[in-house]
Every structure is written in C-alpha cells, then in structure tokens.
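Summary of the model geometry
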Amino acid sequence: MSNYPNARFLISAAAAAQFPRDVGAEVAIVGRSNAGKSSAINAIVSRRHLARTSKTPGRTRLLNFFELAPEARLIDLPGYGYAQGPREERASWAALIEALAPRESLRGLLLVVDARRGLMAGDRQLMDWAASIGQPVHVLYSKSDQLSRAEGQRLMQNAPVSAQLFSAHKGTGVEEARAHLNQWLGIGS
Ligand code: GDP
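Below, the structure is looked at part by part. (Residues numbered from 1 in each chain as written. Predicted model: local features only at pLDDT ≥ 70, side-chain atom pairs only at ≥ 80, totals over all residues. Heavy atoms only, no water.)

What the protein contains, in helices and strands, is five helices and seven strands. Its helices and strands in sequence order give the protein the pattern β-β-α-β-β-α-β-α-β-α-β-α, from N to C terminus. Restricting to contacts in the protein with at least 6 residues of sequence separation, those with at least 24 account for 72%. A total of about 9900 Å² of accessible surface is found on the protein, and carbon and sulfur atoms cover 49% of it. (Helix = DSSP H or I, 4+ residues; strand = E, 2+ residues; numbered from the N terminus. Contact = heavy atoms within 4.5 Å. Areas by Shrake-Rupley, 256 points an atom, 1.4 Å probe, with all protein chains shown as cover.)

Next comes the structure, spelled out in structure tokens:
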C-alpha cells in the first residue's frame with residue numbers, strides 16, 4: 001500500500017511562473033546526478049515510477065512537483081554536479097533553485113548524498129545556500145548498503161548536519177526519512 005495514497009504528479013516547471021500556487025507546505029529533494037534521488041523518492045513515497053525524471057542529456061531540466069497530500073508537496077530538482085558541464089546548464093540549474101527561495105511554503109531540503117562518496121563541493125554549496133535562506137537540510141546518505149557497518153558509523157560520526165543512512169534497495173532508513181518529510185509537511189501530526 002502507498003504511504004501517500006493520493007500522491008500525484010502535478011507539474012514540470014521550467015520557471016517560477018509555472019510553479020503551483022504557493023500555499024501549504026513543500027519540501028525539495030536535491031542531490032548530485034546519480035546520487036540515488038529518484039530511487040529515494042520511489043522508496044519514500046512507495047509508488048514505483050512516481051519520480052519522473054528526464055535524464056536524457058540536453059533536455060531541458062525541470063522542477064517536478066508532486067502532491068503527496070492536500071497542500072503538501074515534494075519538489076524533485078534536477079541532479080547537479082557535473083562541474084565540467086556547460087556553463088549555461090549550471091546557470092540554469094542555479095536559476096531554478098533560486099526561484100524556490102521566496103516560496104513561503106518551502107519547509108526544508110532533503111539532500112541525497114552517495115554514502116560511498118560523501119559530501120562533495122556541490123553538496124556543500126547547496127547546504128550553504130540553504131543556510132543563507134534559513135532552510136533546514138536533512139542528508140540522506142544513500143546506497144548505504146554498499147558500506148560496512150564501521151564505514152557507516154564513521155560517516156555518521158562526521159556528518160555535519162541532520163543526517164541518516166539510507167538504502168532504497170534494502171529499505172534502510174526509509175521510515176526515518178519519511179518521518180522527517182512528514183514532519184516538515186505537517187502530515188500525520
Ligand atoms: P538519481 O540520478 O540521483 O535519480 O539516481 P538513481 O535513483 O537513478 O540511482 C542512480 C544509480 O544508483 C542507479 O544505478 C541505482 O540502481 C543506484 N542506486 C540507487 N539507490 C541505491 C541503493 O539504495 N543501493 C545501491 N547499491 N544502489 C542504488
């Protein structure tokens with residue numbers, strides 16, 4: 001059974017003008033390309049293929065808005081991190097995320113980080129940006145099934161912010177991530 005029985009895809013937006021009405025609460029989920037973000041969304045929402053992502057290179061990168069419950073949204077941002085990518089592409093990514101900054105509904109960011117790589121420059125930039133606009137960040141260290149127990153413990157000891165181990169494949173930390181999301185969205189409280 002789905003944890004969000006009425007979850008539905010709302011819109012893919014290329015600019016603020018297309019965003020849904022700024023009412024209720026919303027959480028953005030972000031991460032480097034290939035960090036495991038789509039898998040995390042599908043595991044947390046428990047609906048396969050809910051996370052529509054356009055991974056075709058060269059296609060316009062969009063923000064995907066999902067409604068998980070009335071006036072409670074999850075925003076899937078395009079992956080970032082190919083520093084050697086075209087300058088225009090990086091600028092358009094920055095413009096997209098900047099467009100979220102003034103949203104009254106925004107409650108926080110779930111940051112998906114490949115546990116085998118740890119926080120990279122782009123992740124730290126994102127955390128700095130979130131801090132600059134006063135948004136909390138919760139880190140999902142994804143693919144944690146690839147770490148030994150000791151490696152997982154070490155990662156958590158050095159985790160700079162609110163963080164947890166997560167594995168979409170094994171189901172590790174899915175409940176914890178969902179609880180975090182629900183708290184931000186005001187679901188089930
Ligand atoms: P995205 O680009 O951030 O949306 O990442 P995806 O969800 O498409 O995953 C990228 C790659 O990581 C794929 O090859 C997935 O199979 C793999 N992956 C995602 N989640 C996990 C996980 O929990 N464990 C492992 N071992 N691999 C994962």
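This part is about the sheet that holds strand β2 (residues 25–31). Read across the open sheet, the seven strands follow the order β1-β3-β4-β2-β5-β6-β7; overall the sheet is mixed. A single partner strand is all that each edge strand has here, and the edge strands are β1 (8–13) and β7 (163–165). The sheet shows a mean angle of 20 degrees between the axes of neighbouring strands, direction not considered. Bridge analysis of strand β3 (residues 63–69) against strand β4 (residues 72–76) gives five bridges, and the strand direction is antiparallel. Across the sheet, the residue bridging to A69 is A72, located in β4. (Pairing = 2+ DSSP bridges. Axes fitted to C-alpha atoms, helices over the stretch in contact; angles between N-to-C directions.)

Moving on to the nonpolar core. Soluble globular proteins tend to pack their nonpolar side chains together in the buried interior. Core analysis: the biggest nonpolar cluster contains 30 residues, and L77, L100, L111 and Y141 have the highest contact counts within it. Elements supplying a minimum of two residues to this core: β2, β3, α2 (87–98), β5 (106–114), α3 (121–132) and β6 (137–142). Apart from the residues within four sequence positions on either side, L111 is in contact with V30, G31, Y80, L119, D123, L126, M127, V137, H138, V139 and L140. Of all hydrophobic cores here, the second largest spans 24 residues; its members include Y4, A25, F166 and W184. (Core = buried A, V, L, I, M, F, W, Y, C linked by side-chain atoms within 4.5 Å. Buried < 20%, exposed > 50% of the residue type's maximum accessible area, 1.4 Å probe, protein only.)

Right, let's get into helix α5 (residues 174–185). The end-to-end C-alpha distance of α5, which contains 12 residues, comes to 16 Å, matching closely the 16 Å that a straight helix rising 1.5 Å per residue would cover. When α5 is considered as a whole, its buried residues turn out to be V174, A177, R178, L181, N182, W184 and L185. Projection of α5 onto a plane perpendicular to its axis shows the buried side chains occupying an angular sector of 160 degrees, all on one side. Among the exposed residues of α5, those pointing more than 90 degrees away from its buried face are E175 and Q183. Of the residues trailing α5, G186 is marked for its positive phi of about 70 degrees. (Expected span 1.5 Å × (residues − 1). Arc of directions from axis to C-beta.)

Next up on the list: the side chain of K37. Within the secondary structure, K37 is located in helix α1 (residues 37–45). Engagement of the side chain of K37 in a polar contact is seen with the backbone oxygen of L77, the distance being 2.6 Å. (Polar contact = N/O pair within 3.5 Å; in protein donor to acceptor, adjacent residues only side chain to side chain.)

Summed over the entire model, instances satisfying the criterion amount to eight salt bridges. The partner of R8 in a salt bridge is E67, with the nearest N and O atoms 3.1 Å apart. On the criterion of sequence distance, the pair formed by R8 in strand β1 and E67 in strand β3 is long-range, its members being 59 residues apart. When its relative accessible area of 43% is taken as the criterion, R8 is described as partly exposed. Several salt bridges converge on common partners, so that one network encompasses D22, E26, R73 and R103. (Salt bridge = Lys/Arg side-chain N within 4 Å of Asp/Glu carboxyl O.)

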